[in-house]
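Listed below are the residues making up each chain.
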Amino acid sequence: MGKKRVIVSSLLPWVISMVAMVAYAGDPTLFFEWKVTYGTLSPLGVPEQVILINNQFPGPNLNTTTNNNIVVNVFNNLDEPLLFTWSGVQHRKNSWQDGMPGTMCPIQPGTNFTYRFQVKDQIGSFYYYPSTGFQKASGGFGGLRVNSRLLIPVPFDPPEDDYTVLIGDWYSKSHTTLRKQLDSGKSLGKPDGVLMNGKQGKVGDEKEEPLFQVKPGKTYRFRICNVGMRNSLNFRIQGHSMKLVEIEGSHTQQALYDSLDIHLGQCYSVLVTADKDPKDYYMVASSRFTKYHLQATGKIRYTNGKGPASNQLPEAPPGWAWSLNQFRTLRWNLTASAARPNPQGSFLYGKINITRTIKLANTVGTVDGKLRYAINGHSHVDPETPLKLAEYYNVADKVFKYDTIGDEPPADIDTSDKITLGPIVLNATYRNFVEIIFENHEKGVQSWHIDGYSFFPVAIEVGTWTPERRKNYNLLDAVSRYSIQVYPKSWAAVLLTIDNAGLWNIRSESLERYYLGQQMYVSTLSPGRSLRDEYNMPDFALTCGIVKGMPKPPTYSA
């Protein structure tokens, strides 16, 4: 009995801070402890420094359920500051835990910090990774799944098992070496390979252990995320079709695919039935839209398998026109429930009037002879004081200026080589319904992510966007998600409700572009400084920069 009282006493400050931040009544809490260290592995056959979490590369899967409270105590045993971001988790009213340099102070070397957030009203397939210092190039990433609650029906039978497949291109140099190259003004160029769950695989190696085992006749769920740095990848499974059932937190209309293009930062969930001859089969992830070919393989083994996998691998389809057509086949399952009992299609996004249109054009150039990437002619720089803290402490004017970019790119965006450095923070009005047009004026495929929200990608088309293009929008069953690709010389239109107060990052999912400035933040303030809209800064939050030591401003009211 005495021991129990000691435990409760030690948890009391945490409980008080959690209650002050949000009402979590009745929802289970999951506790995780992470020790983040360096290690030496050979993902591409050459020893290199990687980032491990609890000695794992990739890091451990976070297996959660809708509305779970997540507590992750991170011990930073690296020699540099560290932050983790939770790609796809919306952090409703709680950008304090989003893990971006604009919202949080980093965890200093030799210290620990405990993330506390809730996967509120979400289901689906996501992942996490370090958001500072180009560290993702050395690892520190892992899968994050949010299962449906038992009382919410799922539009398919429970699978025999649920597997996470993390695919992504990889360099055989440490993140510090790669970072120095970028800081010197040079692009990284072609990656050295592709990994699948931290391994490249070797076709024809019969001694290679399988990544997964399957039982004949059973159906399995595979959650596939592109956690890479540069390339879109095509994923396929030798001899097996894949039934698409979920994309980034939304149930989809179910359709069979032989292969799927999965762009940077994206997560797809498929069902695969083990109904072929019992032996080994290869999963393949290969680079797309490049002059070079890179691939990773991983084995699936039938439990009663009697033979090796064929060395004849299925090929990816040619060209990005095929990829664009595949995007157009993706549809929201209007009758399925997601995190709540009501059908997904009960939200009639196509009937809401657009209150603001924002056009964002990606460009590349140089500043003082060094490579930079930009949005509407501006390249983001993180200040020492996180933007959200500066805003909360009412010292934003000493750290950044709002609206340094407009809602339209400059008219000379394609001919001007001028790039302006500095923080990019765009003001947004709470509960507005916004149209964002991502314009890609370059020759490569781009991939974009928006924190804090899910959005409806209503169109991707070649050419230049004009208001007349709205007649081609899918206003019925676009898949609600958090990332979108934009093909060369094309545009993508997304619709979203700005209903999550806080400061949220919009970024290129290319790690090089993100690191060199192709990102920005959107500030959505609670009109009445109300706890109904946004939580107060938690007592356990770290402070740094000019706000360190400052008294906290008045708290939000109920």
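Read on for an overview of the structure. (Residues numbered from 1 in each chain as written. Predicted model: local features only at pLDDT ≥ 70, side-chain atom pairs only at ≥ 80, totals over all residues. Heavy atoms only, no water.)

This part covers empty space enclosed by the protein. Within the structure shown, the criterion is met by eight cavities of 30 Å³ or more. Lining the largest cavity we find 14 residues, and of these A428, I436, I498, I506 and V522 sit closest to its centre. With three residues, strand β24 (residues 425-428) is the single largest residue contributor to the lining of the largest cavity. Class assignment for the residues of the lining of the largest cavity results in twelve nonpolar, one polar and one charged. (1 Å grid on protein atoms, 1.4 Å probe; cavity = no way out; pocket = protein on both sides within 12 Å on 5 of 7 lines; lining within 4 Å. Points joined across faces, edges and corners; volume = space filled by probe spheres on them. Helix = DSSP H or I, 4+ residues; strand = E, 2+ residues; numbered from the N terminus. Nonpolar A, V, L, I, M, F, W, Y, C, P; charged D, E, K, R; others polar.)

Here we come to the pairing of strand β14 (residues 242-247). The two faces of the sheet receive side chains in turn, since in a regular strand these alternate between them. Counting buried positions over the six residues of β14 gives five, a clear majority of the element. Both β14 and strand β15 (residues 250-257) contribute to a ladder of five bridges, which runs antiparallel. Opposite M242, over in β15, you have Y257 as the bridge partner. The antiparallel hairpin formed by β14 and β15 contains two residues in its connecting segment, where E248 sits at a positive phi of about 50 degrees. Here four bridges tie β14 to strand β17 (residues 267-273), and the two strands are oriented antiparallel to one another. Looking at the pairing, I247 lines up with Y268 of β17. (Buried < 20%, exposed > 50% of the residue type's maximum accessible area, 1.4 Å probe, protein only. Pairing = 2+ DSSP bridges.)

Bringing the layout of surface pockets into the picture now. Regions of empty space are outlined by a rolling probe, equal in size to a water molecule, passed over the atoms. The volume enclosed by the largest pocket comes to roughly 1,100 Å³. For the largest pocket, the lining is made up of 42 residues, of which Q90, R92, D121, R340 and S454 are closest to its centre. For the lining of the largest pocket, a count of residues per class yields 17 nonpolar, 14 polar and eleven charged. If you add up the space inside the second largest pocket, you get close to 610 Å³. Every residue lining the second largest pocket is counted, 26 residues in all, and those nearest its centre are R230, G444, V445, Q446 and R513.

What follows is about the sheet that holds strand β18 (residues 280-287). If you walk across this open sheet you meet the five strands as β11-β19-β18-β13-β16, and the pairing is mixed. One side of each edge strand has no neighbouring strand; the edge strands of this open sheet are β11 (212-214) and β16 (259-262). Mean inter-strand twist for the sheet, computed between neighbouring axes without regard to direction, equals 25 degrees. The sheet contact formed by β11 and strand β19 (residues 295-302) spans three bridges and is parallel. Paired with Q213 across the two strands is R301, which belongs to β19. (Axes fitted to C-alpha atoms, helices over the stretch in contact; angles between N-to-C directions.)

Ranked by size, the top nonpolar core spans 74 residues in total, and within it F222, F235, I436, F438, I484 and M520 carry the most contacts. Those residues in contact with I484, other than ones at most four positions away along the chain, are Q266, F327, F438, Q446, S447, W448, F455, P457, I460, A492 and V494. In this structure, C105, Y373, L389 and A396 belong to the second largest nonpolar core, which totals 70 residues. (Core = buried A, V, L, I, M, F, W, Y, C linked by side-chain atoms within 4.5 Å. Contact = heavy atoms within 4.5 Å.)

Take the state of the cysteines next. For the coordinates displayed, the defined rule picks out two disulfides. What pairs with C105 in a disulfide is C544, and their sulfur atoms sit 2.1 Å apart. Because the torsion about its S-S bond is -90 degrees, the bridge between C105 and C544 counts as left-handed. With a gap of 439 residues between them, C105 in the loop between β5 (84-87) and β6 (112-118) and C544 in the segment after β31 (519-524) connect regions that are remote in the sequence. C544 carries the same exposure label as C105, and that label is buried. Across a sulfur-sulfur distance of 2.1 Å, C225 and C267 are joined as a disulfide pair. (Disulfide = S-S within 2.5 Å.)

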